[in-house]
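A structural walkthrough
If you want the building blocks of each chain, they are given just below.
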Amino acid sequence: QVQLVESGGGLVQPGGSLRVSCAASGFTFSNYAMSWYRQAPGKEREFVARITNVGGSTNYRDSVKGRFTISRDNAKNTVYLQMNSLEPEDTAVYYCNVMRQYWGQGTQVTVSS
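Residues numbered from 1 in each chain as written. Predicted model: local features only at pLDDT ≥ 70, side-chain atom pairs only at ≥ 80, totals over all residues. Heavy atoms only, no water.

**Structural notes on the state of the cysteines**
As a reminder of what qualifies: Pairs of cysteine sulfur atoms within 2.5 Å are identified as disulfides in what follows. Secondary structure elements are taken from DSSP: a helix is a run of H or I of four residues or more, a strand is a run of E of two residues or more, and numbering for both begins at the N terminus.
Counted under the stated rule, the structure contains one disulfide. The partner cysteine of C22 in its disulfide is C96, sulfur to sulfur 1.9 Å. Disulfide C22-C96: the torsion about the S-S bond is 45 degrees, which places it as right-handed. Pair noted here: C22 is in strand β3 (residues 18-25) and C96 is in strand β9 (residues 92-98), with a separation of 74 residues, a long-range link.

Structure representation (structure tokens):
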């Protein structure tokens with residue numbers, strides 16, 4: 001069965017950096033685009049970034065462009081989200097997604113001084 005396991009979240013100060021990871025199993029990872037979403041308290045889940053199956057194309061929500069970078073390692077069945085210049089507004093639970101259907105349990109990212 002499809003399984004997505006996020007890790008790497010934590011508490012970071014404004015302006016800091018963090019990298020979250022999503023380990024995938026149960027499907028042929030290299031055949032599918034992968035996405036990151038996030039959900040802040042009291043808000044709807046929103047798209048953050050997407051990467052095509054071989055990593056040739058990426059896209060981001062406007063508010064993270066130039067600060068966040070999505071990447072993948074098909075040999076490790078893992079997708080990453082490198083987050084730099086973090087802002088308090090980036091505080092959320094971060095989820096990875098595949099096939100617009102499967103979700104991980106999420107990893108909490110808190111940006112606070």
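**Topic: the packing of aromatic side chains**
The line we're drawing: Any Phe, Tyr or Trp ring, taking Trp's six-membered ring, that has another such ring centre within 6.5 Å forms a pair; planes under 30 degrees apart are called stacked, those over 60 apart edge-to-face, and the others tilted. Per-residue accessibility, obtained with a 1.4 Å probe over protein chains only, is compared with the maximum for each type, and a residue is labelled buried under 20%, exposed over 50%, and partly exposed between these values. A ring is considered to have a charge above it if a Lys NZ or an Arg CZ atom is located within 6 Å of its centre and within 35 degrees of its normal.
One pass over the structure, following the stated rule, counts five aromatic pairs. Centre to centre, the rings of F27 and Y32 are 5.8 Å apart; their planes meet at 75 degrees, and the pair counts as edge-to-face. Relative accessible area serves as the criterion here: at 14%, F27 is assigned to the buried category. Aromatic pair Y37 and W103: ring centres 5.0 Å apart, planes at 70 degrees, arrangement edge-to-face. One end of the pair, Y37, is in strand β4 (residues 34-39); the other, W103, is in strand β10 (residues 102-103), with 66 residues separating them in the sequence. Here the aromatic residues Y37, F47, Y95 and W103 are joined through ring pairs into a cluster of three or more. It is R45 that lies over the ring of Y95; its NZ or CZ is 3.8 Å from the centre. The ring of W103 has R45 sitting right over it, with the charged end atom 4.5 Å from the ring centre.

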